[in-house]
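Examining the three-dimensional arrangement
Below are the chains, spelled out letter by letter.
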Protein chains: 2
Amino acid sequence: MKLNELDTPVLLIDQDALGHNLNAMKEIVSNSGITYRPHAKAHKSHDIAKLQLAHGASGICCAKLGEAEVLASEGIQDILITTPVIGLSKVSRLASLAKKTSVIVVADNPQNLEELALVGEKTGQIFNLVIEVNVGQNRCGTPPGAPALALAQMIQRSPWLKLCGLQGYQGSIQMRESFTERKTEAQKASFLLRETAKLIESNGINVPSLTGGGTGTSLIDSEANLLTEIQPGGYIFMDVKYRKIEWSNSTPLPFQQSLTVLGSVISLPDTNRAILDVGLKSISSDQGPPELMDMPGITFRFSGEEHGEVSWQDSPRLCQYGDKVRLIPTHCDTTVNLYDQYIVHSGNTVVDVWRISARGRSQ
Amino acid sequence: MKLNELDTPVLLIDQDALGHNLNAMKEIVSNSGITYRPHAKAHKSHDIAKLQLAHGASGICCAKLGEAEVLASEGIQDILITTPVIGLSKVSRLASLAKKTSVIVVADNPQNLEELALVGEKTGQIFNLVIEVNVGQNRCGTPPGAPALALAQMIQRSPWLKLCGLQGYQGSIQMRESFTERKTEAQKASFLLRETAKLIESNGINVPSLTGGGTGTSLIDSEANLLTEIQPGGYIFMDVKYRKIEWSNSTPLPFQQSLTVLGSVISLPDTNRAILDVGLKSISSDQGPPELMDMPGITFRFSGEEHGEVSWQDSPRLCQYGDKVRLIPTHCDTTVNLYDQYIVHSGNTVVDVWRISARGRSQ
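Below is a summary of the structure that appears in this document. Fair warning: this is a prediction, and the values are worked out from it, not measured in the lab.

**Some points on unusual backbone geometry**
- In this structure, P9 of chain A follows T8 of chain A across a cis peptide bond, with omega equal to -5°.
- Position of P9 of chain A relative to the elements: it lies in the segment before β1 (10-14).
- The phi angle at N138 of chain A is positive, at roughly 55°, despite the residue not being glycine.
- Relative to the helices and strands, N138 of chain A resides in the loop between β6 (127-132) and α6 (146-157).
- The backbone phi angle of D294 of chain B is positive, close to 60°, even though this residue is not glycine.
- Of note, D294 of chain B is situated in the loop between β12 (291-292) and β13 (299-302).
- We classify D294 of chain B as exposed; its relative accessible area is 71%.

As structure tokens, this is what we get:
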């Protein structure tokens, strides 16, 4: 089957670009002393998680317990859940999951540690924990230093809790366009995490890993060697935002655009406008409108939940009825979250279909 | 089960508010000479479609062929697809669907009519069509007047095509806050549609129905009696945008908020801030951030795909670890599109679970 025979809108992965990106991240990390644990929040697919593991990843991250349950059921063995799992109901689900696969979860709150210890005692399950430290994102995370130490000591005191490391995620800097600014901020964040680890270790508690970072800081973190593990997500796909960042002082962005949305021209209201079957329900808008692939001079604007408008300056008419158009998402994670499957292609030929198995597993 | 025992984030429907809204729309329309065909793009649920039919709806609208296929498979009998179905692959699917259920589809393009006639001849299926007329939305739709007549004549000439009416949807005015402005614009749109119908009928072609309108103009269209059928969607749920409109010159908004997202406080970084497990992947952002239900003085901002931040001016701390918080979406359609099920509740008690059966059926 060829791409232009597909019903639209449809989410595409260019297999060759994906393969390139998998190799590129392997290369970046293999020259450093650290490991990488790719973040499945970007793709929500056990097929891609397995490809990442086959490319040297040390394990997989995901954002939610529900995602971890799906990945584990599909055979993924080593999973870090990067947001707190709170409440007795979810902690009990976590205990069941931990009996089947190696799972680590972040925590930043004493009440959460109490819940984990309680369920641990009840079920006989020891929980692997990473303390989340606020290194600048100002979202989740305990402050660095003494408050993190207090949590580490609380973990140390419980036979049902085991400290596996610290997490410090500076998400807001990942897409900072200037390389120098991004580097300065990334190193500030990693330094805070390392200082906190030192404090905890000086109190006799081992801190085996320091995890954090993303695609935008992957080269910086690999060279800095302050973290022990990075969590890149978007590198496999790229999107409009990531494509704009200055990768380093000397090398171009090593990743290719593998993720696109294919849409169709369904209506031709004017000679310089066409309406696509791609709207707010089939490509995400949270980082702005998507861009068109290989169609310079044509811009997209959202025109409702199921419609998008493309327009151009002058005649001749650049789109015809039924034309297929490829769009580059501005945010790969939230676009993937709208679909149930990827159509995988090589050039113009469809080669596979992968389920987005953890889509919608937001609990 | 009680609401505060649910894992979060979770999409809730207040059964009593939903029932109120179903009755309110029935009341609005039953006092007029027109019918209503609610739009399933808002809820994507055959359960709710059946409730709407039980409340006097003349049929159901949906935006996509894939949604119509799901609704038909769940027993919905009379479906209008409000965006063009283009290309031989989809038109063939439409022919199969039309053999099972009564389906009408909009069209605005001669090439689309040719495809429909071709597949009609091949499969022996007569297609029921509504011509979409651009009455101000400037999206899909043929211009009013002569171009619409040309399409009607093309339909008339084919034994495989049957004209069922005209559609004129002025979506952009539905949430116009001023009642007077909304009324003026709605009547302008309906007048254009009626004039076009007159032109077509004066050429000997019957135009049985004029369909259009939405929740925001439902009272106006019912009183004006220019359309024969309206397509309200959001009335069953309400959202932040709809709650702000001035309903009429004399009566308050007759609909209640039935749709909310329940989230949990998962982290407490400061005394005047808390982090929720509700981000871009569990409540839509295209119309801005959601509002909190029954929590004055607390505001929400998105803080990533899986996180939201709520904050307030002063101490004391207004949220505690584990607190459940209800959020009112700014856009019900795109929020529903993120979930696979509704949890239906009455007061604080869970009473049912409904699948969002047509979610993700964007083709």
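**Considerations on the packing of helix α6 (residues 146-157) of chain B against helix α7 (residues 179-202) of chain B**
Residue and element names in this part refer to chain B.
- Running from amino to carboxyl end, α6 crosses α7 at an angle of 45°, the nearest separation of the two axes being 9 Å. Taken together, α6 and α7 sit at an angle that is classed as oblique. In the crossing of α6 with α7, the sense of the turn from one axis to the other is right-handed. Of the residues in α7, those in contact with A146, A148, L149 and A152 of α6 are T196, L199 and I200.
- Tallied by class, residues from the contact of α6 with α7 come to six nonpolar, one polar and no charged.

**Some remarks on the relation of the copies chain A and chain B**
- Relative to chain B, chain A is turned by 180° and slid 0.0 Å along the rotation axis, the superposed coordinates differing by an RMSD of 0.0 Å. Taken together, the rotation and translation describe the operation of a two-fold axis.
- The share of interface residues of chain A whose copies in chain B are also at the interface is 100%, consistent with both copies meeting through the same surface.

**Remarks on the state of the cysteines**
- Under the defined criterion, the tally for this structure stands at zero disulfides over all chains.
- Considering cysteine sulfurs only, C61 of chain A is the nearest to C332 of chain A, which forms no disulfide, with 15 Å between them.

**Points about the sheet that holds strand β2 (residues 35-36) of chain B**
All names here are of chain B.
- Spatial ordering of the open sheet is given by β2-β9-β8-β7-β6-β5-β4-β3, a layout of eight strands whose pairing is parallel. Looking at which strands have only one partner, the edges of the open sheet turn out to be β2 and β3 (60-62).
- Here α7 sits on the sheet in contact with β7 (161-168) and β8 (209-212), set at roughly 155° to β7.

**Describing the packing of helix α4 (residues 88-100) of chain A against helix α5 (residues 110-123) of chain A**
All names here are of chain A.
- Two elements in contact, α4 and α5, have axes whose closest approach is 10 Å; the angle formed by their N-to-C orientations is 50°. It follows that α4 is oblique to α5 by the angle criterion. Crossing geometry of α4 relative to α5 is assigned as right-handed. Seen from α4, the contacting residues are L88, V91, S92, L94, A95 and K99; seen from α5, they are N112, E115, L116, L118, V119 and T123.
- The class makeup of the residues in the contact of α4 with α5 is seven nonpolar, three polar and two charged.

**Digging into the interface of chain A and chain B**
- Contacts between chain A and chain B engage 56 residues on the former and 56 residues on the latter.
- Buried surface at the junction of chain A and chain B, summed over both partners, amounts to about 4600 Å²; 48% is from carbon and sulfur atoms.
- With a shortest N-O distance of 2.6 Å, R359 of chain A and D340 of chain B are connected by a salt bridge.
- Here chain A is connected to chain B by 36 residue pairs in polar contact (both at pLDDT 80 or more).
- The greatest single-element share of the side of chain A that touches chain B, amounting to six residues, is contributed by strand β10 (residues 259-270) of chain A.

**Looking at the sheet that holds strand β9 (residues 229-230) of chain A**
All names here are of chain A.
- Spatial strand order, β2-β9-β8-β7-β6-β5-β4-β3: eight strands in an open sheet with parallel pairing. Edge strands, defined here as strands with exactly one partner in the open sheet, are β2 (35-36) and β3 (60-62).
- Where β3 lies against strand β4 (residues 78-81), three bridges are found, and the strand directions are parallel. Residue pairing across strands places C61 opposite L80, the latter belonging to β4.
- Most of the contacts of α4 go to strand β5 (residues 102-107), to which it runs at about 150°, and overall it touches β4, β5 and β6.
- Strands in contact with α6 are β6 and β7 (161-168); relative to β6, the strand with the most contacts, it is inclined by about 170°.

**Quick look at the side chain of D7 of chain A**
- Residue placement: D7 of chain A occurs in the segment before β1.
- Reaching out from D7 of chain A, the side chain makes a polar contact with the side chain of S89 of chain B at a distance of 2.7 Å.
- Once residues within four sequence positions are removed from consideration, D7 of chain A is found in contact with S89, K90, R93 and Q363 of chain B.

**Brief notes about the side chain of S45 of chain A**
Residues and elements named next belong to chain A.
- Inspection of the secondary structure assignment puts S45 in the loop between β2 and α2 (46-54).
- What makes S45 buried here is its relative accessible area of 0%.
- Those residues in contact with S45 that lie beyond four places of it in its chain are L71, Y342, R355 and S357.

**Remarks on the pattern of salt bridges**
Residues and elements named next belong to chain B.
- Counted under the stated rule, the structure contains 42 salt bridges over all chains.
- With its nearest N and O atoms 2.9 Å apart, the salt bridge here joins R273 to D270.
- Judged by its relative accessible area of 11%, R273 falls in the buried class.

**Comments concerning the packing of aromatic side chains**
All names here are of chain A.
- Across all of its chains, the model carries eight aromatic pairs over all chains by this definition.
- Between F237 and Y342, the aromatic rings sit 5.8 Å apart at their centres with planes inclined by 45°, giving tilted as the arrangement. Here the residue F237 occupies a position in the loop between β9 and α9 (240-243), and Y342 occupies one in strand β16 (residues 341-346), the gap between them amounting to 105 residues. Like Y342, F237 is buried.
- A ring pair is formed by F300 and F302, whose centres lie 5.1 Å apart and whose planes are at 85°; its orientation type is edge-to-face. Neither F300 nor F302 differs from the other in exposure class; each is buried.
- Each residue in the set Y235, W247 and F255 is aromatic and connected to the rest through ring pairs, giving one cluster.

Cut-offs used in this document
Residues numbered from 1 in each chain as written. Chains lettered and ligands numbered in written order. Predicted model: local features only at pLDDT ≥ 70, side-chain atom pairs only at ≥ 80, totals over all residues. Heavy atoms only, no water. Helix = DSSP H or I, 4+ residues; strand = E, 2+ residues; numbered from the N terminus. Buried < 20%, exposed > 50% of the residue type's maximum accessible area, 1.4 Å probe, protein only. Axes fitted to C-alpha atoms, helices over the stretch in contact; angles between N-to-C directions. Parallel < 35°, antiparallel > 145°, perpendicular 65-115°, else oblique. Left-handed = near helix turned anticlockwise from the far one by under 90°. Contact = heavy atoms within 4.5 Å. Nonpolar A, V, L, I, M, F, W, Y, C, P; charged D, E, K, R; others polar. Least-squares fit on C-alpha atoms with pLDDT ≥ 70 in both. Disulfide = S-S within 2.5 Å. Pairing = 2+ DSSP bridges. Buried area = accessible area lost by both parts, 1.4 Å probe. Salt bridge = Lys/Arg side-chain N within 4 Å of Asp/Glu carboxyl O. Polar contact = N/O pair within 3.5 Å; in protein donor to acceptor, adjacent residues only side chain to side chain. Phe/Tyr/Trp six-rings, centres within 6.5 Å; stacked < 30°, edge-to-face > 60°.

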